[in-house]
Amino acid sequence: DAEITQSPRHKITETGRQVTLACHQTWNHNNMFWYRQDLGHGLRLIHYSYGVQDTNKGEVSDGYSVSRSNTEDLPLTLESAASSQTSVYFCASSGGPGGSRTDTQYFGPGTRLTVL
Amino acid sequence: GNSVTQMEGPVTLSEEAFLTINCTYTATGYPSLFWYVQYPGEGLQLLLKATKADDKGSNKGFEATYRKETTSFHLEKGSVQVSDSAVYFCALSTGGSYIPTFGRGTSLIVHP
């Protein structure tokens, strides 16, 4: 069965360290997204990609970067972790070839990141 | 721009009670409408969707009808169970973008 996975599921790091969160999907979806979820803020979009070599900034992209070298993976990098980046991070994907507005987003299980 | 407004939670109910979670939206064009559910410790998953006016989405006893005249997509269930305790997100998606707009989420707590 197709799926979307994230690793690690939990991560504790220190302020100033570089951290990379992995996201891998086997749906063969064109579109991939990274969100963070914080109490009182709902889901906020960090970065997204519509295909290989395509990346775009979302509403809260400062301090984060992504790269898309293949269809399956969209790793999220925190260049220099800050305490404000403590959050739960979700990866999602959608849209096979010729995607549309009716496409469902499929979410990974999330990564809980704590920055000390 | 697009926006989704959900009732604030938490919504607390006893088992077998009737559930309504309100959702209204503003959008350009003709959006598709979605309800996603997030169980504790998990990612969001699609609960149901409707892609045009007057469509009714349904799944697991939940229903929602796409009401264009009132720009609403309220979620209902006739008899909730403890296992329905979760956070429910209303969302919309419009043509030309694959980025959905999510509401803030509504927490549902069902007591035995």
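That block above? That's the structure.
Keep in mind that what you see is a predicted model, and the values were worked out from it rather than measured.

### Let's talk about the interface of chain A and chain B
Right, on to step 1. Taken together, the contact between chain A and chain B spans 24 residues of the former and 23 residues of the latter.
Right, on to step 2. Buried surface at the junction of chain A and chain B, summed over both partners, amounts to about 1800 Å²; 55% is from carbon and sulfur atoms.
Right, on to step 3. In this assembly, chain A and chain B are joined by zero salt bridges.
Right, on to step 4. Where chain A touches chain B, the interface holds three residue pairs in polar contact (both at pLDDT 80 or more).
Right, on to step 5. Mapped by element, the contributors of at least two residues to the side of chain A that touches chain B are β4 (31-38), β5 (42-51) and β9 (87-94) of chain A.
Right, on to step 6. By residue class, the composition of the side of chain A that touches chain B is nine nonpolar, 12 polar and three charged.

### What to know about the pairing of strand β2 (residues 11-14) of chain B
All names here are of chain B.
Right, on to step 1. Of the two faces of β2, only one is covered, namely that formed by V11 and L13; the face formed by T12 and S14 stays uncovered.
Right, on to step 2. Note: β2 against strand β12 (residues 106-111), four bridges, orientation parallel. Paired with L13 across the bridge in β12 is V110.

### What to know about the state of the cysteines
Residues and elements named next belong to chain A.
Right, on to step 1. By the definition in use, this model includes two disulfides over all chains.
Right, on to step 2. One disulfide bridge connects C23 with C91, the sulfur atoms lying 1.8 Å from each other. On the S-S bond that ties C23 to C91, the torsion sits near -70 degrees, and the link is left-handed. Here C23 is found in strand β3 (residues 19-25), whereas its partner C91 is found in strand β9, with 68 residues between them in sequence.

### Quick word on the side chain of A:T104
Right, on to step 1. The residue A:T104 is located in the loop between β9 and β10 (106-107) in this model.
Right, on to step 2. In contact with A:T104, other than residues within four places in its own chain, are A:S93, A:S94, B:F34, B:Y36, B:L46 and B:K49.

### A word on the sheet that holds strand β3 (residues 19-21) of chain B
All names here are of chain B.
Right, on to step 1. Strands sit in the order β3-β9-β8-β7 across an open sheet of four strands; the sheet is antiparallel. Of all strands in the sheet, those with a lone pairing partner are β3 and β7 (56-59), marking the two edges. For this sheet, the mean inter-axis angle between neighbouring strands, taken without regard to orientation, is 15 degrees.
Right, on to step 2. Two strands pair when backbone bridges link them, and β7 and strand β8 (residues 62-65) are joined in this way by four bridges, in the antiparallel orientation. Opposite S58, over in β8, you have E63 as the bridge partner.

Calculation rules
Residues numbered from 1 in each chain as written. Chains lettered and ligands numbered in written order. Predicted model: local features only at pLDDT ≥ 70, side-chain atom pairs only at ≥ 80, totals over all residues. Heavy atoms only, no water. Contact = heavy atoms within 4.5 Å. Buried area = accessible area lost by both parts, 1.4 Å probe. Salt bridge = Lys/Arg side-chain N within 4 Å of Asp/Glu carboxyl O. Polar contact = N/O pair within 3.5 Å; in protein donor to acceptor, adjacent residues only side chain to side chain. Helix = DSSP H or I, 4+ residues; strand = E, 2+ residues; numbered from the N terminus. Nonpolar A, V, L, I, M, F, W, Y, C, P; charged D, E, K, R; others polar. Buried < 20%, exposed > 50% of the residue type's maximum accessible area, 1.4 Å probe, protein only. Pairing = 2+ DSSP bridges. Disulfide = S-S within 2.5 Å. Axes fitted to C-alpha atoms, helices over the stretch in contact; angles between N-to-C directions.

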